[in-house]
Amino acid sequence: MTERITIAFEVDGRPREEEIAPSTVLADLLRDRYALTGVKTSCERGVCGACTTLVDGAPAAACSVFAFSVDGGTVETIAGQGAPGAPGPVQRAFAECGGFQCGYCTPGMIMLATALLRAHPDPDDALIRSWISSNVCRCTGYQMIIDSVRRAAELLREEGR
């Protein structure tokens, strides 16, 4: 019989309680149990950034975080950043500035940008480059992503966030 553990945490503002195997990784829990497929899996080693979520406000590679480690904490995904027809400011900025092409890395980039802008509301390009260097985009060349983060900072300031 496989050992199971119970965890309680919050996902995108909603309380959750789950019985899981100790080996369950956060990305699998989010995708398989909650259909949060905006948490992309690619490298499954925590190096590409496609699965970036915020765990207690900090960027985390959900593919390499054991789900039990979020017990008592909070998890934010791309699904909690806006609603259908009402994207959040960082999502709007990425759409306005073309900060995506194929879109595969976009959810992770948006989550990373969200964390960056919470910590540094007016980042310069060097800081943006430093933060996004942990996420791989194979399509854009990154300038449009940098422009998107700058625009997101403007939108957040305009909204008083």
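A brief look at the structure comes next. Here the residue numbers are simple positions, counted from 1 along each chain's written sequence. Local features in this predicted model are restricted to residues of pLDDT 70 or higher, and side-chain atom pairs are both shown and tallied only at a pLDDT of 80 or more, whereas totals for entire chains, interfaces and linings draw on every residue. Side-chain measures were taken over the full set of non-hydrogen atoms in the model, leaving aside hydrogen atoms and water.

## Here we look at the side chain of Glu 76
Which entries qualify depends on this criterion: Working definition: helices are DSSP H or I runs of at least four residues, strands are E runs of at least two. Numbering for both runs from the N terminus. Burial status follows relative accessibility: with a 1.4 Å probe on protein chains alone, a residue under 20% of its type maximum counts as buried, one over 50% as exposed, and anything between as partly exposed. Here a polar contact is taken to be a pair of N or O atoms separated by no more than 3.5 Å, where protein atoms must pair a possible hydrogen donor with a possible acceptor and residues adjacent in sequence count only if both atoms sit in side chains. In what follows, a contact means two residues having at least one pair of non-hydrogen atoms within 4.5 Å.
With respect to the element layout, Glu 76 can be found in strand β5 (residues 74-76). Looking at Glu 76, the relative accessible area reads 18%, which means it is buried. Separated by 2.8 Å, the side chains of Glu 76 and Arg 118 make a polar contact. Once you skip the residues sitting within four places of it in the chain, Glu 76 turns out to touch Asp 12, Thr 53, Leu 54, Gly 57, Gln 81, Met 111 and Arg 118.

## Considerations on the pairing of strand β2 (residues 14-20)
For clarity, the threshold we go by: For two strands to be treated as a pair, DSSP must find no fewer than two bridges joining them.
Both strand β1 (residues 5-11) and β2 contribute to a ladder of seven bridges, which runs antiparallel. Within β2, the residue paired with Thr 6 across the bridge is Glu 19.

## Some words on the packing of aromatic side chains
Operational definition: Any two rings among Phe, Tyr and Trp, with Trp reduced to its six-membered ring, count as a pair given centres within 6.5 Å; such a pair is stacked if its planes are under 30 degrees apart, edge-to-face if over 60, and tilted if neither. Over a ring means this: the NZ of a Lys or the CZ of an Arg is within 6 Å of the ring centre and within 35 degrees of the ring normal.
Scanning the model with the defined rule gives one aromatic pair in all. Aromatic side chains Phe 66 and Phe 68 sit 5.5 Å apart centroid to centroid with 10 degrees between the ring planes, which places their arrangement in the stacked category. Assessed through its relative accessible area of 40%, Phe 66 is described here as partly exposed. Under the relative-accessibility criterion, Phe 68 is labelled partly exposed at 38%. One Lys or Arg, Arg 16, reaches over the ring of Tyr 34 and ends 4.0 Å from the middle of that ring.

## A few points about the pairing of strand β4 (residues 58-61)
Put simply, side chains in a regular strand alternate between the two faces of the sheet. Alignment of strand β3 (residues 52-55) against β4, held across four bridges, turns out to be antiparallel. Across the sheet, Thr 53 pairs through a bridge with Ala 60, a residue of β4. Following β3, the chain reverses through two residues before pairing antiparallel with β4; Asp 56 in that reversal takes a positive phi of roughly 50 degrees.

## Quick word on helix α3 (residues 106-119)
To keep things clear, this is the line we draw: What a helix is expected to span follows from its residue count: subtract one and scale by 1.5 Å.
With 14 residues, α3 should cover 20 Å at 1.5 Å per step; its first-to-last C-alpha distance of 20 Å lies within 8% of that length. Of all 14 residues in α3, twelve are buried; the element is thus mostly enclosed. Considered for burial, the residues of α3 that qualify are Thr 106, Pro 107, Gly 108, Met 109, Ile 110, Met 111, Leu 112, Ala 113, Thr 114, Ala 115, Leu 116 and Leu 117. Buried residues along α3 sit in contact with β3, β4, β5, α2 (89-97), α4 (125-132) and α5 (143-158).

## A look at the nonpolar core
Put simply, the rule is: Nonpolar cores were defined as sets of buried Ala, Val, Leu, Ile, Met, Phe, Trp, Tyr and Cys residues, with membership established by side-chain atoms within 4.5 Å.
Counting residues in hydrophobic clusters, the biggest one holds 24 residues, and the most contacted among them are Val 90, Phe 94, Met 109, Leu 117, Ile 132 and Val 149. Sorting the residues of this core by element identifies α2, α3, α4 and α5 as the ones contributing at least two each. Counting residues in each nonpolar core, the second largest holds 21 residues, with Ile 20, Ala 60, Val 65 and Ala 67 among its members.

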